[in-house]
Amino acid sequence: MASKKNKKENSDQKKLESLQKENNDFKNIAARAQADLVNYRNRMKIELLEIEHKAIKNFALKILSVIDDIDLAIENSEDSSKEVLLGGLSSIRNKFQNILKIKNINIIEENKKFDPYIHEALLKTDSNQEDGSILRVLRKGYVMNNEVIRPAQVEIAENLNNKNLEKENKDV
């Protein structure tokens with residue numbers, strides 16, 4: 001009987017050692033996986049910073065060519081007529097617009113009606129036009145990939161007839 005008990009204890013001891021080895025193996029695998037994840041995250045941060053740096057550098061190079069044109073216009077402004085200067089400024093503006101279009105940044109198309117998602121009302125002016133009609137654009141707005149990055153600043157109409165009717169209704 002003692003030998004059966006010893007064999008069982010030996011068997012149990014071997015199973016325990018086997019399970020402990022397996023447990024240690026799993027711990028090592030988990031530690032390696034965690035280290036790999038930390039390394040991956042760090043690598044991704046570095047790669048994202050490099051991509052951002054390259055994008056800024058490329059954009060800056062395009063802007064610098066426009067700045068060069070502005071410097072040239074300033075140098076030649078004393079010797080040039082007003083028409084030549086305006087033509088140069090217009091050319092520089094078009095160059096900026098083209099740079100923005102390449103990056104899918106576009107001017108918000110003019111609407112006749114105020115839309116709070118794409119407009120910012122700065123002025124409300126008495127007018128005979130319909131309430132909320134845009135009278136003029138004070139500053140153009142821009143969208144990038146159909147997302148507003150800067151709303152257009154506008155002056156909107158406040159209809160005088162509606163205002164007078166509201167006053168009359170309150171007085172009655």
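Just above sits the structure.
What counts as what
Residues numbered from 1 in each chain as written. Predicted model: local features only at pLDDT ≥ 70, side-chain atom pairs only at ≥ 80, totals over all residues. Heavy atoms only, no water. Helix = DSSP H or I, 4+ residues; strand = E, 2+ residues; numbered from the N terminus. Pairing = 2+ DSSP bridges. Axes fitted to C-alpha atoms, helices over the stretch in contact; angles between N-to-C directions. Contact = heavy atoms within 4.5 Å. Patch = residues over 30% accessible without salt bridge, like charges linked within 9 Å, V, L, I, M, F, W, Y side chains within 5 Å. Areas by Shrake-Rupley, 256 points an atom, 1.4 Å probe, with all protein chains shown as cover. Salt bridge = Lys/Arg side-chain N within 4 Å of Asp/Glu carboxyl O. Buried < 20%, exposed > 50% of the residue type's maximum accessible area, 1.4 Å probe, protein only.

## Let's talk about unusual backbone geometry
Positive phi is not limited to glycine here, since Asn 145 has a value of about 55°. You can see Asn 145 is positioned in the loop between strand S4 (142–144) and strand S5 (147–150).

## Observations concerning the sheet that holds S4
If you trace the three strands from one edge of the open sheet to the other, you get S1-S4-S5, paired in antiparallel fashion. A strand with exactly one partner marks an edge of an open sheet, and here the two such strands are strand S1 (105–107) and S5. Strand-to-strand, the axes of this sheet are offset by a mean angle of 40°, without reference to chain direction. In this structure, S1 lies alongside S4, joined through three bridges in antiparallel fashion. Across the sheet, Ile 107 pairs through a bridge with Tyr 142, a residue of S4. Strands in contact with helix H2 (residues 82–102) are S1 and S4; relative to S1, the strand with the most contacts, it is inclined by about 125°.

## What to know about the sheet that holds strand S2 (residues 119–127)
Across the sheet, three strands lie side by side as S2-S6-S3; this open sheet has mixed pairing. The sheet is open, and its two edges are formed by S2 and strand S3 (134–139), each paired on a single side. Strand after strand, the sheet turns through a mean of 25° between neighbouring axes, direction not considered. Summarising the sheet, S2 and strand S6 (residues 152–159) pair through eight bridges and their orientation is parallel. In the strand pairing of S6, His 119 is matched with Ala 152.

## What about the pairing of S5?
In the sheet, S4 pairs with S5 via three bridges, with the strands oriented antiparallel. Its bridge partner being in S5, Met 144 is matched across the sheet by Glu 147. Two successive antiparallel strands, S4 and S5, enclose a turn made up of two residues, where Asn 145 displays a positive phi of approximately 55°.

## What to know about a nonpolar patch on the surface
A grouping of Leu 61, Leu 64 and Ile 67 is seen on the molecular surface, where their side chains present a nonpolar patch of about 260 Å² in accessible area. Considering the arrangement of structural elements, one finds Ile 67 in helix H1 (residues 2–77).

## Some points on the side chain of Gln 97
Structurally, the position occupied by Gln 97 is in helix H2. For Gln 97, the residues in contact, after removing those within four places along its chain, are Ile 107 and Tyr 142.

## Side note on the pattern of salt bridges
The tally for this structure, following the rule as stated, stands at four salt bridges. Where Lys 21 meets Asp 25, a salt bridge forms, and the shortest distance between an N and an O atom there is 3.4 Å. Remark: Asp 25 and Lys 21 occur in helix H1; sequence separation between them is four residues, near one turn of the helix. Classification of Asp 25 as partly exposed rests on a relative accessible area of 35%. Residues Lys 113 and Glu 130 are paired through a salt bridge, measuring 3.2 Å at the closest nitrogen-oxygen approach. With Lys 113 in the loop between S1 and S2 and Glu 130 in the loop between S2 and S3, this pair connects stretches of sequence that are 17 residues apart.

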